[in-house]
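Notes for the structure review
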Amino acid sequence: MNNIELLMPAGNIEKMRYAFFYGADACYLGMVDYSLRTMRKGELITRDNLKIAVDEARRINKKVYLTLNIFAYDDDIKKLYEDIEIIKDANPHAIILSDFGVLNTVKRELPNIDIHISTQTNILNSEAVKFWRDLGAARVILARELSFKQIETIRKNVPDVELECFVHGSQCMSYSGRCLLSDYMTGHQRKANHGGCAQPCRWSYKLLEETRPGEYYEIIEDEKGSHILSPKDLCLVEHVKELRDIGVDSIKVEGRTKSLYYVSAVAKAYRDVLDEKISAKEGYFELLKVGNRGYTKGFFLGDNNSDSYSYDISKGLAGADFLGIIEEKTGDKYKVLFKNKVNLNDEVEIITPSYSAKAKVVHILNESREENDIANTNDEAWIEFEEVADKDDLSATLWQKEWNLGLIRTTGIKNCKLQDGQGCALCD
């Protein structure tokens, strides 16, 4: 069976580490000024630490792709020339780009680094793939607007270039993300294709009749609400093996602005399905536990329709709450940095890259090792569990040398609904 790369987003170095250890083969990351996602939190990818990120990946036999996929003005090209030596020194495994000027610059100045063509070039047919191949691309990232049959045809017609497909995450309401709505709605202060998208497609809108100034009316779609432009999130976990079988080289998850928990849990779900540790249905259940606006298969089955839009919510809602990061283990006690409140006697789920189990919290100790009934958000505290299934397996999978990769979250799924609207039997 052909291998297929699981490609995860890395908004910062910490998220990159978690993505790798929860199952990613490669990560894509954006350096400040050239990325379509401008990060605001955490250890950002900058001129100073790009090489650190790439070197860490190489050390554990993983790959890093650098996104230079803005639509560039002359000032951007000038800035890119100023940073060429930094990029050359870091030596990422590939550069993702969409602009012809950036392409020319990279081919001339960085000839030894592979070129991947961004989904923003909206590649929809075999001739477009050949065009980019002939310009030197090692890989093309196909548009989300393609169906499985169309992807299969492209693979048959062009076998000599790598193909990458998005399988999970937020979707843009505009074709291949080429949207001017943010520019217009923010007075050109937040340009979508320069990493500053304000996501106006997620806003709630009202209707104004021009002869009745000041009188606003709700825009209703089947009584679901007024988020008329907001697509549901893509989820193709049930089809990743089909993509692997037809020879797609890489499956990609969107989400460089998403949380550490999101990156870890999504990577683990897709990795476990690909490795046949869990079924596709179980993988879908796991993905309900991370933030989403409802899931859709988009264009993949060839029947994209109004059900692919989320009319009632604009922000992703998670089926499980991320509770904390396990930082240290001593005996049967775990030091946790809490991201949400945990009470004594709560049942939680522990997850590591190759382990998950439910456990009951029977002791909470503050930093002075005094007993507490509660651990609050941002607290660091020691906890002890009543029972942990396969305790030796848990100890073996906790990374205790450089990075601590154990996470805890709530159990089950809040308001669990599968795509057909029926209750999920897996919750029981």
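The following refers to the structure shown. (Residues numbered from 1 in each chain as written. Predicted model: local features only at pLDDT ≥ 70, side-chain atom pairs only at ≥ 80, totals over all residues. Heavy atoms only, no water.)

This paragraph deals with the overall build of the protein. Across its full length, the protein carries 11 helices and 21 strands. The buried share among the 428 residues of the protein stands at 51%. Split by element, the accessible area of the protein, about 20000 Å² in all, is 45% carbon and sulfur. (Helix = DSSP H or I, 4+ residues; strand = E, 2+ residues; numbered from the N terminus. Buried < 20%, exposed > 50% of the residue type's maximum accessible area, 1.4 Å probe, protein only. Areas by Shrake-Rupley, 256 points an atom, 1.4 Å probe, with all protein chains shown as cover.)

Here we come to the environment of lysine 333. Tracing the sequence through the fold places lysine 333 in strand β14 (residues 333-338). Separated by 52 residues in the primary sequence, lysine 333 and phenylalanine 385 place their C-alpha atoms 7.7 Å from one another. Once residues within four sequence positions are removed from consideration, lysine 333 is found in contact with Glu328, Leu365, Arg369, Trp382, Ile383 and Glu384. One polar contact links lysine 333 to glutamate 384, side chain to side chain, over a distance of 3.3 Å. (Contact = heavy atoms within 4.5 Å. Polar contact = N/O pair within 3.5 Å; in protein donor to acceptor, adjacent residues only side chain to side chain.)

Spanning 17 residues, helix α3 (residues 74-90) covers 24 Å between terminal C-alpha atoms, matching the ideal 24 Å at 1.5 Å per step. The largest bend in α3 comes to about 50°, at aspartate 83. Of the positions making up α3, those classed as buried are Asp76, Ile77, Leu80, Asp83, Ile84, Ile87 and Ala90. Those residues of α3 that are buried lie in contact with α2 (50-59), β3 (63-68), β4 (94-97) and α4 (100-109). Positive backbone phi, approximately 55°, marks asparagine 91, located one or two places after α3. (Expected span 1.5 Å × (residues − 1). Bend = angle between axes of the 7 residues up to and from the residue.)

Tallied over the full model, the rule gives four cavities of 30 Å³ or more. In this structure, the largest cavity spans a volume of roughly 100 Å³. Considering the residues around the largest cavity, the lining is formed by 14 residues, among which Arg144, Leu146, Phe166, Leu236 and Phe300 are closest to the centre. Of the residues that constitute the lining of the largest cavity, the class distribution is 11 nonpolar, one polar and two charged. (1 Å grid on protein atoms, 1.4 Å probe; cavity = no way out; pocket = protein on both sides within 12 Å on 5 of 7 lines; lining within 4 Å. Points joined across faces, edges and corners; volume = space filled by probe spheres on them. Nonpolar A, V, L, I, M, F, W, Y, C, P; charged D, E, K, R; others polar.)

In this section: unusual backbone geometry. For asparagine 345, which is not a glycine, the phi torsion comes out positive at approximately 75°. Position of asparagine 345 among the secondary structure elements: in the loop between β15 (342-343) and β16 (347-352). Located in the positive-phi region is asparagine 378, a residue other than glycine, with phi close to 75°. Position of asparagine 378 relative to the elements: it lies in the loop between β19 (374-375) and β20 (380-385). Take asparagine 378: its relative accessible area is 58%, and that puts it in the exposed class.

Enumeration according to the criterion identifies 25 salt bridges in this entry. In this structure, arginine 139 and glutamate 162 form a salt bridge, with 2.8 Å as the shortest nitrogen-oxygen distance. Remark: glutamate 162 occurs in strand β7 (residues 162-169) and arginine 139 occurs in strand β6 (residues 139-141); sequence separation between them is 23 residues. With a relative accessible area of 3%, arginine 139 lands in the buried category. Residue classification places glutamate 162 among the partly exposed positions, given a relative accessible area of 31%. Among the ionic pairs, glutamate 164 bridges to arginine 139, the shortest N-O distance being 2.7 Å. Placement of the pair is glutamate 164 in strand β7 and arginine 139 in strand β6, with a sequence separation of 25 residues. A residue is classified by how much of its surface remains accessible, and glutamate 164, at 0% relative accessible area, is buried. (Salt bridge = Lys/Arg side-chain N within 4 Å of Asp/Glu carboxyl O.)

Another point: the packing of aromatic side chains. This structure, assessed with the given rule, holds eight aromatic pairs. Ring geometry for tyrosine 18 versus tyrosine 22: centroids 6.3 Å apart, planes at 10°, classification stacked. Accessibility expressed as a relative area gives 1% for tyrosine 22, which makes it buried. Aromatic rings pair up to connect Phe100, Phe131 and Trp132 into one cluster. Stacked on the ring of phenylalanine 166, the Lys or Arg arginine 144 has its end atom at 3.7 Å from the ring centre. The ring of tyrosine 28 is capped by lysine 252, whose NZ or CZ atom sits 4.4 Å from the centre of that ring. (Phe/Tyr/Trp six-rings, centres within 6.5 Å; stacked < 30°, edge-to-face > 60°. Lys NZ or Arg CZ within 6 Å of the ring centre and 35° of its normal.)

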